[in-house]
There are 2 protein chains.
Amino acid sequence: MYFNSEDIATMHRVKRLKLINSITGIKPANLIGTISEDGLTNVAIFSSVVHLGSNPPLIGFIMRPQQDVARHTLENILANKVYTINHVHANIIKKAHYTSVKFDSDESEFEHCKLTATFVSDFKAPFVEESHLKFGLRLKEIIPIPINGTSLVIGEIEHLIVPDKIIDAQDYINFDEIDTVGIGGLNTYYSINKLDQFPYARRNELPGFD
Amino acid sequence: MYFNSEDIATMHRVKRLKLINSITGIKPANLIGTISEDGLTNVAIFSSVVHLGSNPPLIGFIMRPQQDVARHTLENILANKVYTINHVHANIIKKAHYTSVKFDSDESEFEHCKLTATFVSDFKAPFVEESHLKFGLRLKEIIPIPINGTSLVIGEIEHLIVPDKIIDAQDYINFDEIDTVGIGGLNTYYSINKLDQFPYARRNELPGFD
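The structure reproduced in this document is the subject of the present report. (Residues numbered from 1 in each chain as written. Chains lettered and ligands numbered in written order. Predicted model: local features only at pLDDT ≥ 70, side-chain atom pairs only at ≥ 80, totals over all residues. Heavy atoms only, no water.)

**Let's talk about the overall build of chain A**
Tallying secondary structure elements over chain A gives five helices and 13 strands in all. In terms of its C-alpha atoms, chain A occupies a principal-axis envelope of roughly 60 × 50 × 30 Å. For chain A, with 210 residues in total, the buried portion stands at 59%. Within chain A, residue pairs in contact and separated by at least 24 positions form 60% of the contacts whose partners lie at least 6 positions apart. Accessible surface for chain A amounts to roughly 8,500 Å². Of this, 46% is attributable to carbon and sulfur atoms. (Helix = DSSP H or I, 4+ residues; strand = E, 2+ residues; numbered from the N terminus. Buried < 20%, exposed > 50% of the residue type's maximum accessible area, 1.4 Å probe, protein only. Contact = heavy atoms within 4.5 Å. Areas by Shrake-Rupley, 256 points an atom, 1.4 Å probe, with all protein chains shown as cover.)

**Describing the pairing of strand β5 (residues 50-54) of chain B**
All names here are of chain B. A large share of β5 lies buried, amounting to five of its five residues. Pairing between β5 and strand β6 (residues 57-63): four bridges, direction antiparallel. Within β6, the residue paired with valine 50 across the bridge is glycine 60. Here β5 hands over to β6 after two residues, the two strands then running antiparallel side by side. (Pairing = 2+ DSSP bridges.)

**Overview of the sheet that holds strand β2 (residues 27-28) of chain A**
Strands belonging to one sheet form pairs held by backbone hydrogen bonds; the direction of such a pair is parallel or antiparallel. Taken together, six strands build an open sheet; the order of strands is β2(A)-β12(A)-β13(A)-β13(B)-β12(B)-β2(B) and the sheet is antiparallel. The open sheet terminates on both sides in strands that have one partner only, identified here as β2 of chain A together with β2 (27-28) of chain B. Judged from the two bridges that link them, β2(A) and strand β12 (residues 181-184) of chain A form a sheet pairing that is antiparallel. Looking across to β12(A), one finds that Lys27(A) is bridged to Ile183(A).

**Things to note about the interface of chain B and chain A**
Tallying the contact residues gives 104 residues for chain B and 105 residues for chain A. In this assembly, chain B packs against chain A so that about 9,600 Å² is buried in total across both faces, 66% of it on carbon and sulfur atoms. Here chain B is connected to chain A by two salt bridges. Residues Arg203(B) and Glu107(A) are paired through a salt bridge, measuring 2.5 Å at the closest nitrogen-oxygen approach. At the surface where chain B touches chain A, the tally comes to 44 residue pairs in polar contact (both at pLDDT 80 or more). At 10 residues, the largest contribution of residues to the side of chain B that touches chain A is made by strand β13 (residues 188-197) of chain B. (Buried area = accessible area lost by both parts, 1.4 Å probe. Salt bridge = Lys/Arg side-chain N within 4 Å of Asp/Glu carboxyl O. Polar contact = N/O pair within 3.5 Å; in protein donor to acceptor, adjacent residues only side chain to side chain.)

**Structural notes on the side chain of Asn21(B)**
On the secondary structure map, Asn21(B) appears in helix α2 (residues 13-22). Every residue in contact with Asn21(B), bar those within four places of it in the chain, is listed here: His51(A), Arg16(B), Lys27(B), Gly185(B) and Leu186(B).

**Concerning the relation of the copies chain B and chain A**
One copy of the chain maps onto the second through a rotation around an axis plus a translation along that axis. Mapping chain B onto chain A calls for a screw motion: a turn of 180° about the axis and a shift of 0.0 Å along it, with 0.0 Å RMSD after fitting. Within this description, the copies of the chain are treated as partners about a two-fold rotation axis. Nearest to the rotation axis, the C-alpha of Ile192(B) is located 2.3 Å from it, this being the minimum over chain B. Comparing interface residues between copies, 100% of those in chain B also lie at the interface in chain A; the contact surface is shared. (Least-squares fit on C-alpha atoms with pLDDT ≥ 70 in both.)

**Remarks on helix α3 (residues 71-80) of chain A**
The periodicity of an α-helix, 3.6 residues per turn, causes residues three or four positions apart to be oriented the same way. Residue and element names in this part refer to chain A. All of the buried residues in α3 are His72, Thr73, Leu74, Asn76, Ile77 and Asn80. Next to the buried residues of α3 lie β3 (30-35), β4 (41-46), β6 (57-63), β7 (82-87) and β10 (134-145). Positive phi shows up at lysine 81, right after α3, with a value of about 65°.

**Let's talk about helix α2 (residues 13-22) of chain A**
Those residues of α2(A) that fall on the buried side of the exposure criterion are Arg16(A), Lys18(A), Leu19(A), Ile20(A), Asn21(A) and Ser22(A). Those residues of α2(A) that are buried lie in contact with β1 (2-4), α1 (5-10) and β2 of chain A together with β5, β6 and β11 (150-161) of chain B.

**Here we look at the pattern of salt bridges**
All names here are of chain B. Following the criterion strictly, the structure yields six salt bridges over all chains and no others. Taking the shortest distance from any N to any O, the salt bridge between arginine 138 and glutamate 158 comes out at 2.7 Å. A residue pair is termed long-range when its members are at least 10 positions apart, and arginine 138 in strand β10 (residues 134-145) and glutamate 158 in strand β11 qualify at 20 residues.

**Description of the pairing of β10(B)**
All names here are of chain B. In terms of strand pairing, strand β7 (residues 82-87) meets β10 through five bridges, oriented antiparallel. Each residue of the ladder has a partner; that of tyrosine 83, found in β10, is leucine 137. Two strands pair when backbone bridges link them, and β10 and β11 are joined in this way by 11 bridges, in the antiparallel orientation. Residue pairing for β11: lysine 134 is matched across the bridge by isoleucine 161. Hairpin connection from β10 to β11: four residues lie between these consecutive antiparallel strands, with glycine 149 at a positive phi of about 75°.

Here you go:
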């Protein structure tokens, strides 16, 4: 099936939403945990978390325009400058998905979706206890993307919790052990299985391709 | 295993690279196709493609600092203002991975990695014929991320090719049919399998969580 710019522009809004949200491929499934100034916890699912660099360890995510459901997340990050990112695994996909409900500002998704807030030392933002791999970040910068009113929120990792069993002898991470999932489009969840692993690709070690 | 800022800062460089590149979870696997002003094709694997919005249909990806291997991709995008994004599937993971080799500027990864360049009407950038889902974009903006010298490259979709069989009756995309893969860290490839799909999450339709 082929669509040009015109086909996409004139497509039914919901069909376009489903289609364009799907075409980047499998997306990471993460819960972002925050807390308001008066101590109300918040957790919301995001599929737009992206690696920016390892030294310093910087992670970004795309925030939709502020009138959107995700506004509590942004308000809380702006208030406290800290937030957490927590992997979604197969056993919590339903709870994770329903954090996207538009709850009122005095309701916590942790409570309504039966997830557990947990804290690390004096870091204010809540982690998701059920999540296996999680990290706490300090806000470094919010870069506006004027073309459609989104923003790239950038944080630096201050706390990182990774299960021992998924780090192998060569320091590679194997997600199979913790049932990490991915998201397709707006609402489809996929399990993942390791297919293959290749070395760092060097010009003089190019293999044959059959 | 727990790491704080200090642990991460003092970690061996390669261990940190592997660890921090892994912690966002499963990442989409896409090949970005470009062409130079004098007609040399280029294709490179990226795990940082991210959805920015569906109307207009905007897609971003993170470009590492220019001295990096990916510079031909950026040079070509700046020269022609167009590029393609092509899904990686299970049968081409090895070829896709080795596009990350530092080839010389007069060599095409298409040729060395045995991938096939294909073109759509008068759109200058090459698509990857072997890829099942692919789209052509026009450069809209490159947003610098000064904190670590990376950039967010933003394009608008002008051509979109999606296999009929993966669009269901409700306009949802099912990746299972085309063996779409995901990337973990720098070099691990995962197959994906649909686990579950949930409706748009509404406050008054909150399910029970067992």
